[in-house]
Amino acid sequence: MIHETWTTKETLKTVTCVHTDAKKFKVSGVLTPGKTYEVKNETEEFYFIVDNTGKVAGYFKEYFSNA
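Parameters at a glance
- Residues numbered from 1 in each chain as written.
- Predicted model: local features only at pLDDT ≥ 70, side-chain atom pairs only at ≥ 80, totals over all residues.
- Heavy atoms only, no water.
- Core = buried A, V, L, I, M, F, W, Y, C linked by side-chain atoms within 4.5 Å.
- Buried < 20%, exposed > 50% of the residue type's maximum accessible area, 1.4 Å probe, protein only.
- Helix = DSSP H or I, 4+ residues; strand = E, 2+ residues; numbered from the N terminus.
- Contact = heavy atoms within 4.5 Å.
- Phe/Tyr/Trp six-rings, centres within 6.5 Å; stacked < 30°, edge-to-face > 60°.
- pLDDT = per-residue confidence, 0-100.

**Describing the nonpolar core**
Val 15, Cys 17, Val 27, Val 30, Leu 31, Tyr 37, Val 39, Tyr 47, Ile 49, Tyr 59, Tyr 63 and Phe 64 together form the largest nonpolar core, which totals twelve residues. Of all elements in the fold, only strand 1 (13-17), strand 2 (36-42) and strand 3 (46-50) reach the threshold of two or more residues within this core. Look past the residues within four positions of Val 30 in its chain and what remains in contact with it is Tyr 37, Asp 51, Asn 52, Thr 53 and Tyr 59.

Right, dumping it as structure tokens:
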């Protein structure tokens with residue numbers, strides 16, 4: 001399963017969180033505006049990043065700008 005190796009996978013790029021104003025989900029506990037995160041995988045809608053908890057999770061691209 002590919003998601004089990006994401007924490008040790010090479011970083012694809014870095015992105016900076018620009019806001020945590022989620023419409024449906026609470027992300028302010030795991031993302032910090034202004035902080036740069038490592039992208040481990042990417043889809044059309046999501047970045048899979050190592051968040052503030054130290055785990056890889058998927059977030060909508062709307063929360064980030066390219067660093």
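**Brief notes about the packing of aromatic side chains**
Inspection of every chain in the model, using the stated rule, returns four aromatic pairs. Aromatic pair Tyr 47 and Phe 64: ring centres 5.7 Å apart, planes at 75°, arrangement edge-to-face. Residue Tyr 47 is found in strand 3, and its partner Phe 64 is found in strand 5 (residues 64-66); the two are separated by 17 residues along the sequence. A residue is classified by how much of its surface remains accessible, and Phe 64, at 8% relative accessible area, is buried. One aromatic cluster is present, formed by Tyr 37, Tyr 47 and Phe 64 through successive ring pairs.

**A look at the confidence of the model for the protein chain**
Within the protein chain, residue pLDDT values average 88, and 94% of them lie at 70 or more. The secondary structure element of the protein chain with the lowest average pLDDT is strand 5, at 87, and the one with the highest is strand 1, at 95.

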